[in-house]
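# Fold and contact review
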Amino acid sequence: MPQSARFLSALEHEGYDFFTGVPCSLLKGVIRRFDDEPRWGYLSAVREDSALGIAAGAYMAGKKPAVFLQNSGLGVCLNALISLNVLYEIPLLLVTSWRGKDGKDAPEHILMGEIMTGYFDQIKLPWRVLSAHSIEKDVAALSETIASWRVPGALIVPKGILDASG
Amino acid sequence: MRRAEAVKLIMQSVRDELVVACNGMIGREVFTHRDRAANFYMIGSMGLALSIGIGVALSRRDKSVLVIDGDGNVLMSAGVLASAAAADLDNLRHIVLDNEAHGSTGGQRTITQSVALEKVARASGYRYAARVPTADLADALPGFLKQRGPAMLLAKVEKGNVPGIARVSHTPPEIARRFSSSIRA
C-alpha cells in the first residue's frame, strides 16, 4: 500500500473524520488523495490559522479533526494555537511537514526547520516525528497524548514519507 | 445606534441559532445581554470567529450558525469570506457590526471608512450580503436569520462602549464544553 494511503488509513482507524489545511510538497501524496477522493471532505483553507479555527469549530460540533500544514505556517498559527486551541482545551492533530530539517533546504525554511521542535516545547505541545516504519504506532501514540492532555499535538513529517504521489 | 444596542437587538432575535461571537467588546456585549450555552465567546484569536463558524456549520448542516463579528475582525481574515462562500454553507449567517474602529483597544480607526465589507463578501461569493441602516435593524433581523447562507448583514454602528458590560465569567474550557453540549443536544 502506498504510504499516503497507509497514513490515511491510520488516521481513519483512530477516528479522524474532519480534514483541513494548507498543503506542503512534503505532504502532497496525502493532499492529492484528498483532492481525488471527495469522501474525505477535505476543506482547503486559505491560511493555517484559519484551518485551526475551522478545526476548533468542527471539534466542538463533534468531529475529530486533523489539520495539515507546512511548518512555515506555524508562524501564523502561534496566536490561534495558544489563545484558541490550548486556551479552550481543543485537541487537534497537526500534521506538519519538516522543511529545513538538518539545515538542508531553501533559505526560507532553514530557521523554522531548526527551531520547530523548540517551538512546540516552548508552547508546551506534544510532538512526535513520523517514521515510515511506524506510521500506525506514531498516529496512535500521539492521538492518545492529545486526547488525554486536551491540547493540539504535532506529527512532524520529514521528507520522503508522504510526498510520493503514489 | 451604539454597538451594544445593536447586539441587544440581535440577541433578542436569536432563536435556536448557534452563535459565535468575536473577541473584544462584541463577545462581552453578547454575554451581558443574553448568555446561553449555545453562544461561543471567542476571547482571543482575533480574526477567527468566522473560521470557527465555518467549522461548526460544515460539521452540522442541520444547525443554523450565526457569527457576530466586527469590522476589525473581518478585515484581519478577509480571505475567510471566500472560504465560507466556497464551502456553500447555506446554514451560515454573518452579522458585521462596523464602527470603523478597533473599539476594544481605544477606538483606533480601521479602514472601513473606505472599504464596504458587504461588497467584499458579495464579491467573495456570499449568496446574500447587504447593509442595513441601524433604524431598520430590528425589522430586518428575523428575515435575515432565515436568509439562505452564506449571508452577511452589515450595520454601521457608533463608536464607543457603554458602561456595565461585563467580562465573560465562564472559563474558556467551560465555554467550549457547554457550546459543544448544546450542539449535540
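In this report, the structure presented in the accompanying data block is examined. (Residues numbered from 1 in each chain as written. Chains lettered and ligands numbered in written order. Predicted model: local features only at pLDDT ≥ 70, side-chain atom pairs only at ≥ 80, totals over all residues. Heavy atoms only, no water.)

Now for helix α8 (residues 172–184) of chain B. Compared with an ideal rise of 1.5 Å per residue, which puts 13 residues at 18 Å, α8(B) spans 19 Å between its outermost C-alpha atoms and is within 8% of the ideal. All buried positions along α8(B) are accounted for by B:P172, B:P173, B:I175, B:A176, B:F179, B:S180 and B:I183. In a view along the axis of α8(B), the buried residues occupy a sector of 160°, so they form one face of it. Considering only its buried residues, α8(B) is in contact with α3 (48–60) of chain A together with β1 (18–21), β2 (39–41) and α3 (49–59) of chain B. (Helix = DSSP H or I, 4+ residues; strand = E, 2+ residues; numbered from the N terminus. Expected span 1.5 Å × (residues − 1). Buried < 20%, exposed > 50% of the residue type's maximum accessible area, 1.4 Å probe, protein only. Arc of directions from axis to C-beta. Contact = heavy atoms within 4.5 Å.)

Attention now moves to the packing of aromatic side chains. All names here are of chain A. Applying the stated rule across the entire model yields 11 aromatic pairs over all chains. Each ring, one from F7 and one from F68, has its centre 6.5 Å from the other, and the planes form 85°; the classification is edge-to-face. Highlighted residues: F7 in helix α1 (residues 3–13) and F68 in strand β3 (residues 65–69), separated in sequence by 61 residues. Since its relative accessible area comes to 0%, F68 is described here as buried. Judged by centre distance (5.2 Å) and plane angle (85°), the ring pair of F34 and F68 falls under edge-to-face. Within this pair, whereas F34 is found in helix α2 (residues 28–36), its partner F68 is found in strand β3, the two being separated by 34 residues in sequence. We note that F34, like F68, is buried. Connected via pairs of aromatic rings, a cluster forms that spans F7, F19, F34, W40, Y42 and F68. When the ring centre of W40 is taken as origin, the NZ or CZ atom of R39, which lies over that ring, is 4.1 Å away. Here the basic side chain of K101 rests over the ring of W98, its NZ or CZ set 5.2 Å away from the ring centre. (Phe/Tyr/Trp six-rings, centres within 6.5 Å; stacked < 30°, edge-to-face > 60°. Lys NZ or Arg CZ within 6 Å of the ring centre and 35° of its normal.)

What follows covers the side chain of B:D98. All names here are of chain B. Note on placement: D98 falls in strand β4 (residues 92–98). From its side chain, D98 meets the backbone nitrogen of E100 in a polar contact 2.9 Å long. When residues no more than four places from it in sequence are discounted, the contact partners of D98 are D71, T112, L154, A155, K156 and V157. (Polar contact = N/O pair within 3.5 Å; in protein donor to acceptor, adjacent residues only side chain to side chain.)

With that settled, the discussion passes to the side chain of B:S13. All names here are of chain B. By the element assignment, S13 lies in helix α1 (residues 3–13). Under the relative-accessibility criterion, S13 is labelled buried at 15%. Dropping the residues within four chain positions of it, S13 is found in contact with L141 and L145.

This brings us to the pairing of strand β7 (residues 128–131) of chain B. Residue and element names in this part refer to chain B. Bridge analysis of β7 against strand β8 (residues 151–156) gives 4 bridges, and the strand direction is parallel. The residue bridging A130 from the neighbouring strand is L153, located in β8. As for the winding sense of the linkage, the β-α-β connection from β7 through helix α7 (residues 137–144) to β8 is right-handed. (Pairing = 2+ DSSP bridges. Right-handed = clockwise from strand over helix to strand, strands pointing away.)

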